[in-house]
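Overview (structure and organization)
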Amino acid sequence: MRVDVVSIFPAYLDALDLSLPGKARRSGLLDLRVHDLRDWTHDRHRTVDDAPYGGGAGMVMRPEPWGEALDALATDDAVLVVPTPAGVPFTQIHARALAAEEHLVVACGRYEGIDQRVLDHAATRVRVLEVSLGDYVLNGGEVAALAVLEAVVRLLPGFMGNPDSLLEESHESGLLEYPVYTRPPSWRGLEVPEVLLGGDHGAIERWRHTQSLARTAARRPDLLPPSALLAPATVTDAQ
Ligand code: ADE
């Protein structure tokens, strides 16, 4: 997969050299290039922002450098990903869909955002996905881009040492993941649940599913499938 990230703070993306995304880059699975938006400015001050039309606080990113950057980077087959608090909530479904793409371009905005015409123009040529990480405001798209790219890259075929571990985590099944334990069996007076020590794989699977349902009911009832809502006794059992 090829990924181009455009930012006025390219150093934010250095973290992608660490850990697993770094390994994916070195193995050739991921061709990641980070670009400085100011390379597409033409004035002495390398200006990227200006006051908003209509007034209001803050600055808006000017369309010209973004237009040139996207002309240079966003081939017609690319998906343009724009992290913004005004986007659709980013989910595992998006991560999975993006992991199947050949080319992503990630546009990291700052200030009050990017002039809307940049996105409207890009949308005449490429698929544009404006995504929000959650109902809070970051200072810019960089931290959100790191999160989106980590969620996507770990799903690339061949990325995970053990692909089974992808199947059992929160959001892959639609539910939150069950609690996990490792050695020692007793720690500070707290015991690992008996069922996990017994080796009865059917019982373990049922216990984990019940725990997942209980956690999801307690923390994220919005994720529960209607079938789980019809069987509240199962959820209560696990609490
Ligand atoms: N940029 C600023 N805030 C953001 C958020 N919540 N999600 C994605 N991008 C953002």
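Residues numbered from 1 in each chain as written. Predicted model: local features only at pLDDT ≥ 70, side-chain atom pairs only at ≥ 80, totals over all residues.

Put simply, the test is: UniProt positions are given in the numbering used here, feature names are shortened, and annotations may be inferred rather than shown by experiment.
Identification of the chain as tRNA (guanine-N(1)-)-methyltransferase from Nocardioides marmoribigeumensis is taken from an unreviewed UniProt entry. As recorded by UniProt, the Sequence similarities (unreviewed entry) comment attached to the chain reads in full: "Belongs to the RNA methyltransferase TrmD family." What UniProt records for the chain under Function (unreviewed entry) is the sentence "Specifically methylates guanosine-37 in various tRNAs."

**Focus on the environment of Arg 2**
Heads up, the condition is: Strands are runs of DSSP state E lasting at least two residues, helices are runs of H or I lasting at least four, and both sets are numbered from the N terminus onward. Contact between residues is assigned whenever the C-beta positions, reconstructed from backbone atoms, fall within 7 Å.
Inspection of the secondary structure assignment puts Arg 2 in strand β1 (residues 2-7). Sequence separation between Arg 2 and Pro 193 is 191 residues, and the spatial gap between their C-alpha atoms is 44 Å. Non-local contacts of Arg 2, meaning those with residues more than four positions away in its chain, are made with Asp 31, Glu 102 and His 103.

**A few points about the pairing of strand β5 (residues 79-89)**
Along any regular strand, the residues point their side chains to alternate faces of the sheet. Put simply, the rule is: Strands were regarded as paired on the criterion that DSSP finds at least two bridges between them.
Relative to strand β6 (residues 103-107), β5 is paired through three bridges, and the arrangement is parallel. Looking at β6, one finds that Leu 80 is bridged to Val 105. In the sheet, β5 pairs with strand β7 (residues 127-132) via seven bridges, with the strands oriented parallel. Within the sheet, the bridge partner assigned to Val 79 lies in β7 and is Arg 127.

**Regarding the site of the ligand**
What counts is decided by this rule: Throughout this description, a residue near a molecule or strand is one whose C-beta atom, derived from the backbone, lies within 6 Å of it.
The ligand sits among Pro 83, Thr 84, Pro 85, Ser 132, Leu 133, Gly 134, Tyr 136, Val 137, Leu 138, Gly 141 and Ala 144. If you tally residues by element for the shell around the ligand, the top one is β5, at three residues.

**Remarks on unusual backbone geometry**
Cut-off, in case you're wondering: The exposure scheme places C-beta atoms from the backbone and then counts, for each residue, the other C-beta atoms within 10 Å of its own, assigning buried at 20 or more, exposed at 12 or fewer, and partly exposed in between.
Cis geometry is found at the peptide bond from Arg 183 to Pro 184, where omega equals 5°. Residues other than glycine seldom take positive phi values, yet Tyr 111 does so here, at roughly 55°. With respect to the helices and strands, the residue Tyr 111 is situated in the loop between β6 and α4 (116-122). Residue Tyr 111 is classed as partly exposed on the basis of its 17 C-beta neighbours within 10 Å. For Arg 188, which is not glycine, the phi torsion reads 50° and is therefore positive. On the secondary structure map, Arg 188 appears in the loop between β8 (186-187) and β9 (190-191).

**Quick look at the confidence of the model for the chain**
Note the following rule: pLDDT is a per-residue confidence score from the predictor, ranging from 0 to 100.
Averaged over every residue, the pLDDT of the chain is 93; the share at 70 or more is 96%. Confidence drops under a pLDDT of 50 for residues 233-239, and excluding neighbours within four residues, the segment shows twelve contacts in the predicted structure. Across the predicted assembly, pTM comes out at 0.91 and ipTM at 0.96.

**Digging into the pairing of β6**
Taking burial as the measure, the five residues of β6 include four buried ones, the bulk of the element. With five bridges joining them, β1 and β6 adopt parallel strand pairing. Paired with Val 6 across the strands is Ala 107, a residue of β6.

**With respect to the UniProt feature "binding site: S-adenosyl-L-methionine" (unreviewed entry) in the chain**
When the UniProt feature table is mapped onto this chain, "binding site: S-adenosyl-L-methionine" (unreviewed entry) is found at Gly 109, Leu 133, Gly 134, Asp 135, Tyr 136, Val 137 and Leu 138. Inspection of the secondary structure assignment puts Tyr 136 in the loop between β7 and α5 (142-153). Classification of Tyr 136 by C-beta neighbours within 10 Å gives exposed; the count is 7. The partly exposed category is assigned to Leu 138, around which 16 C-beta atoms lie within 10 Å. Apart from the residues within four sequence positions on either side, Leu 138 is in contact with Val 143 and Ala 144.

**What to know about the sheet that holds β7**
So the rule is basically this: Convention adopted: a line fitted to C-alpha atoms gives each axis, helices being fitted over their contacting stretch, and angles between N-to-C directions are expressed from 0 to 180 degrees.
The five strands lie next to each other as β2-β1-β6-β5-β7, forming an open sheet whose pairing is parallel. Whereas interior strands pair on both sides, the edge strands pair on one side only; in this sheet they are β2 (31-36) and β7. Neighbour-to-neighbour, the strand axes of the sheet open up by a mean angle of 25°, direction not taken into account. Direction of pairing for β1 relative to β2: parallel, over a ladder of six bridges. Within β2, the residue paired with Ser 7 across the bridge is Asp 36.

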